[in-house]
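Residue-level structural notes
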Amino acid sequence: MPALPTYSELHCLSNFTFLRGASHAEELVVRAKALGYGALAITDECSFAGVVRAHGVARQHGLKLIIGTEIQVEDGLKLVLLATNRESYGHIAALITRARGRAAKGRYRVTMDDLEQNLDHCLVLLLQDRAP
Amino acid sequence: MHGANDNALLDALRERSAASGLPLVAAGDVHMHVRSRKPSQDTLTAIRLNTTLAAAGHALQPNAERHLRSRAALARIYPPELLAETQCIADRCDFSLDVLRYEYPHELTPPGKTAALYLRELTFEGLARRYPHGTSAHVLQQIEHELLLLSELQYEHFVLTVYDVVKFARAQNILCQGRGSAANSAVCYALGITEVDPARMSMLFERFVSRERDEPPDIDVDFEHQRREEVIQYIYSKYGRDRAALAATVITYRSKSALRDVGRALGFDNALLDRLARSMSWWDGRKAIPECMQEAGLNLQAGINKLLFLLINLIVGFPRHLSQHVGGFIISQGPLGRLVPIENAAMPERSVIQWDKDDLEALGLLKVDVLALGMLTAIRRTLNSVSTLRVSPLTMQKILDRGDDKAVYEMIQRADTIGVFQIESRAQMTMLPRLRPEKFYDLVIEVAIVRPGPIQGGMVHPYLRRRQGLEPVTYPSEAVRAVLERTLGVPIFQEQVMQLAIVAAGFTPGEADQLRRSMAAWKKKGGLEHFHPRLLSGMLERGYTREFAEQIYQQICGFGEYGFPESHSASFALLAYVSSWLKHYEPAAFLAALLNSQPMGFYSASQLVQDAQRHGVEVRAADVTVSDWECTLESRDDGAAAVRLGLCMIRGLPEATALRIVCGRSPKSYDTIDDLARRAIINQSDLQRLAHAGALEALAGHRRNAHWLAAGTQAQPQLLQDAPIYESTPQLPSPTEGQDIAADYMSTGLTLGRHPLALLRPRLKRMKMVTAADLAMLTDGDYVRAAGIVTCRQRPGTASGVVFVTLEDETGYINVVIWSHLVEKQRRELLGARLMGVEGKLQREGEVIHLVARRLADHSGLLLTLQKSERDVIPFHPHTG
């Protein structure tokens, strides 16, 4: 049997993406650890609301946690942004703050202009469209 | 990749990647940790789209692949290089929340000074104000100790920020007072943040701030509840929305909300869901769901019902949305949004960060709690109205400076404490005659000792036994005596346990604080055991017996959960004393202030008015010819003050209308209802409200006449205002007393007439019901019947299913104890009755009387008979709890 590949999950929602994510951060962390993942990114939609809990359980279980967010841009583009360091974490937090600040409670708006703002050191995953 | 056509998709992506130079990477778009969570995920989707699972169709994910898949499964789906790339990306991410640091604003420190120096200056200015005759060496020593620690941990900016908020409130004449562990700080006292005097109370600063603790302190400050918004807006305007925001509160699904949402998604009928939700009471956890479902006629074995139950269980506890914390502020030196995202709250002009208080604590971030306390409003209002009649204004400080007042304590010992702070609750009231507080420190103990759990569960507190002389008071050493003497050898406060660990077992203050923290959580998390050997050896070394050491350890374990910080108790005891003093010496002003501060406290307006009347306060009805918007004081011929109810007491009357009525009275008051309606421009429905409340009686005689006249009156356009319409008034029979009282309750929530139960008494007597006053004459063990209006239902989480109900009749209150088996059997009567009848056994201990229920009855129907023959019968709702 060939050796299992190394793998880190870079796009994962917890139930802090309200009414989409169907598992608690702790369930995700424990499962990812049991499956031997290298790391797990929690990328709740335009939100860091669940990251502190995830951080706590990841530390407890000895799993590397990556912090990011899934963003639906207005023109249809969907992205995942990942923080590589404190600076990029701050850029993402600021982007979420801007996006949430211009919408009513519970909603957000991201335009292409927002992506022109400083996002130094952020890693971006462009998500595939379902139909190629 | 999760489905069919993945190969074609992959080819297309590879082409794009080659063209753009961007690498391809595998990613799971994970929505759940395991495949079996798919039904929940579908249900959540249906809830999100506000539809049913059956109708959601394509909106649901086509398969259950978006879970954390095994690496073997991934290897079958993705090419190796896409999997390897995930690890390359993960390796580039080198960020942990542990590195987050943030600083409180620096601008409060004047240029050229360090924060430490400025804090020191302010502290000493404060000391000069607090102690005009000089500060004691003991307090100075404490101050130096605190300043050193605050500076070492760099908390100066934090304390200065809180000081600035409190200074603003003082300048605006908003009463405020710190609570919680900050009251262990002499610096906070000097700065006016807290009110507990270190010269009078022993303090343990480490309960507030300690070197060893890896968590920051909170400073909680209470403000007058009606003016807290001014404080909040001050913070926003001073620091801006990008530097100040409230902490979030995560709202999670509870049984009821999960039932509604899941039920709707599964296509259950709304009426059925309403019925199910109603049959759940607030104390039922999720375990009650099967019983409730069965009660509603749902067969739990049927597939769809079973699914409903399973899904509810899965979703309970899921976060649903973010709300705002009651008052926890985060204020930062730099842009806060780079530390944690900020979002809009539901309330306009409010913004919240995306983390709640547990998150902040976990990361060691400090918050300031700007809390609202109704009693501060009531105290401020009483002081203000009393001060207008005095040469120099009355303040809290002046009341406290007079020292313990015997008459006030006698009132407290009688449990005559309706309306005062903290010691007015039913549980507190049953303790007061036993504890018999006679000095300030007794109140500190009283506030702490009445906690849910051991006492209400029936156990008599060992402190009480000692106070009543039923148990000897001994100390194993002088050092221990110094710690425990103030509580007769029984540790009551968290600070005492900390001090015990310090003096008897050689802990450092910081270690003692760690012990205290483990103590609070050990039942849930454990973690107290490793202190055991340390405590034991420490105490043996210092010459204590093993027996005593074990006893102390057991005491720590035993009271860990219920232990109360002494500093917090002392802060609350100050308010309890001041409000008691005001109730005793200024009952009319205190009542008016309480009514104007509603809603607050344990009692309804009606109960407060009745209580004041029993103490000889004259309460006058709301009257359009004299009432203001708020309740006011009027002088009586004998010089005493009477309370005039304000127009604010009339349910549904807009403030603007009331203000027009008040302004329109000068230069000349109203002669007729017509005159009132024209000059104050009052519409028909508001006139009816005034008539219904009896506020037109000065103009129209009795209430029914007022109704008739009001009905024939229209607010006129400006031109016609001076042209009255004359119409003769037919003579209407005056309403019965019962109708008057019922109308009072409906309109203002209280009656100045007789209590409704006084009217029903002949019938209740025939039913062999005794009054609350009668109960005091009976002996322990008597079997009795009584009835009263339900004013309060309580189910302490720790009292093993017991429910406490308070009934009110025309003579006072009846405390009913309902054991859990009866709660289950007579749930409907218990939850539904507004007028409850109880049959049971009298239990008395000294002046404390309980009625232990055997049977309950719902007599609410009797209340309806009070208003019979009223043309349009409106349901009668007295203040039920």
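First things first, this report covers the structure right here in the doc. (Residues numbered from 1 in each chain as written. Chains lettered and ligands numbered in written order. Predicted model: local features only at pLDDT ≥ 70, side-chain atom pairs only at ≥ 80, totals over all residues. Heavy atoms only, no water.)

1. Re the interface of chain B and chain A
Applied cut-off: Throughout, a residue-residue contact means that at least one pair of heavy atoms, one from each residue, lies within 4.5 Å. By buried area we mean the combined loss of accessible area, with a 1.4 Å probe, across both parts when two parts are placed together. Definition used for salt bridges: Asp or Glu carboxyl oxygen within 4 Å of a side-chain nitrogen of Lys or Arg. A run of DSSP states H or I qualifies as a helix once it reaches four residues; a run of E qualifies as a strand once it reaches two. Both are numbered from the N-terminal end. Asp, Glu, Lys and Arg are counted as charged, while Ala, Val, Leu, Ile, Met, Phe, Trp, Tyr, Cys and Pro are counted as nonpolar; the rest, among them Gly, fall into the polar class.
Contacts between the two partners involve 71 residues from chain B, matched on the other side by 68 residues from chain A. Taking both partners together, chain B and chain A bury about 6100 Å²; carbon and sulfur atoms supply 60% of that area. Across the contact surface, chain B and chain A share five salt bridges. Between arginine 53 of chain A and aspartate 359 of chain B there is a salt bridge; the shortest N-O distance is 3.8 Å. Broken down by secondary-structure element, the contributors of at least two residues to the side of chain B that touches chain A are helix 1 (6-20), helix 2 (38-48), helix 4 (71-77), helix 5 (80-92), strand 4 (319-331), strand 5 (342-344), strand 6 (351-356) and helix 15 (357-363) of chain B. For the side of chain B that touches chain A, the leading source of residues is helix 5 of chain B, giving seven residues. Taken together, the residues of the side of chain B that touches chain A break down into 39 nonpolar, 16 polar and 16 charged.

2. Concerning the sheet that holds strand 15 (residues 848-858) of chain B
Either a parallel or an antiparallel arrangement is found when strands of a sheet pair, and the pairing is made through backbone hydrogen bonds. All names here are of chain B. Convention followed: What makes two strands pair is DSSP finding at least two bridges between them. For helices, the fitted axis covers only the stretch in contact; all axes are lines through C-alpha atoms, and the angles between them, taken along N-to-C directions, range from 0 to 180 degrees.
Read around the closed barrel, the five strands follow the order 11-12-13-15-14; overall the barrel is mixed. Looking at each pair of strands side by side, their axes are set apart by 55° on average, direction ignored. Judged from the two bridges that link them, strand 13 (residues 812-818) and strand 15 form a sheet pairing that is parallel. Bridging from a neighbouring strand, valine 816 pairs with leucine 851 of strand 15. Each of strand 11 (783-794), strand 12 (803-809) and strand 14 (835-845) is contacted by helix 36 (residues 756-766), which is oriented at about 150° to strand 11, the strand it contacts most.

3. Observations concerning the packing of aromatic side chains
Test applied: Planes of paired rings set the category: under 30 degrees apart is stacked, over 60 is edge-to-face and the rest tilted, where pairs are Phe, Tyr or Trp rings (Trp by its six-membered ring) whose centres lie within 6.5 Å. For a Lys NZ or an Arg CZ to count as sitting over a ring, it must be within 6 Å of the ring centre and within 35 degrees of the ring normal.
According to the stated counting rule, one finds 18 aromatic pairs over all chains in the structure shown. Summarising the aromatic geometry, the rings of tyrosine 236 of chain B and phenylalanine 329 of chain B are spaced 5.5 Å apart at their centres and angled 75° between planes, so their arrangement reads as edge-to-face. Here tyrosine 236 of chain B, found in helix 10 (residues 228-239), pairs with phenylalanine 329 of chain B, found in strand 4; they are 93 residues apart in sequence, far enough to count as distant. Put simply, the rings of Phe48 and Tyr89 of chain A together with Phe95 of chain B pair up and form one aromatic cluster. When the ring centre of tyrosine 236 of chain B is taken as reference, the NZ or CZ atom of arginine 241 of chain B above it lies at 3.9 Å. Directly above the aromatic system of phenylalanine 507 of chain B lies the positively charged group of arginine 534 of chain B, at a separation of 4.4 Å from the ring centroid.

4. Examining helix 3 (residues 86-101) of chain A
For clarity, the threshold we go by: Take the residue count of a helix, subtract one, and multiply by 1.5 Å to get its expected span. Exposure is judged per residue with a 1.4 Å probe applied to protein chains only, and the accessible area is read against the type maximum: over 50% gives exposed, under 20% gives buried, and values in between give partly exposed.
Helix length check: helix 3 of chain A (16 residues) gives 22 Å between terminal C-alpha atoms against 22 Å at 1.5 Å per residue, within 8%. Most of helix 3 of chain A sits out of view: 12 of its 16 residues are buried. Among the residues of helix 3 of chain A, those classed as buried are Ser88, Tyr89, Gly90, His91, Ile92, Ala93, Ala94, Leu95, Ile96, Thr97, Ala99 and Arg100 of chain A. The elements touched by buried residues of helix 3 of chain A are strand 2 (64-72), strand 3 (78-83), helix 4 (112-116) and strand 4 (122-126) of chain A together with strand 5 and strand 6 of chain B.

5. A closer look at the sheet that holds strand 5 of chain B
Residue and element names in this part refer to chain B. An order of 1-2-7-4-3-6-5 is seen for the seven strands of this open sheet, with the pairing classed as mixed. The outermost strands of the open sheet, each flanked by one partner alone, are strand 1 (176-179) and strand 5. Neighbour-to-neighbour, the strand axes of the sheet open up by a mean angle of 45°, direction not taken into account. The sheet strands contacting helix 8 (residues 156-171) are strand 1, strand 2 (219-224), strand 4 and strand 7 (368-373), and the helix crosses strand 2 at an angle near 10°.

6. Section: the pattern of salt bridges
Residues and elements named next belong to chain B. Throughout the structure, instances matching the rule amount to 60 salt bridges over all chains. Aspartate 675 is the partner of arginine 679 in a salt bridge, and the nearest nitrogen-oxygen pair spans 2.9 Å. With arginine 679 and aspartate 675 both in helix 31 (residues 673-679) and four residues apart, this pair spans about one turn of that helix. The class of aspartate 675 is buried, set by a relative accessible area of 7%. Taking the shortest distance from any N to any O, the salt bridge between arginine 761 and aspartate 809 comes out at 3.5 Å. Residue arginine 761 is located in helix 36, and its partner aspartate 809 is located in strand 12; the two are separated by 48 residues in the primary sequence. Its relative accessible area of 9% is what places arginine 761 among the buried residues. Taking the relative accessible area as the measure of exposure, aspartate 809 reaches 0% and is therefore buried. Each of Glu618, Arg620, Glu634, Arg636, Asp638 and Arg644 takes part in salt bridges that share partners, so that together they form one network.

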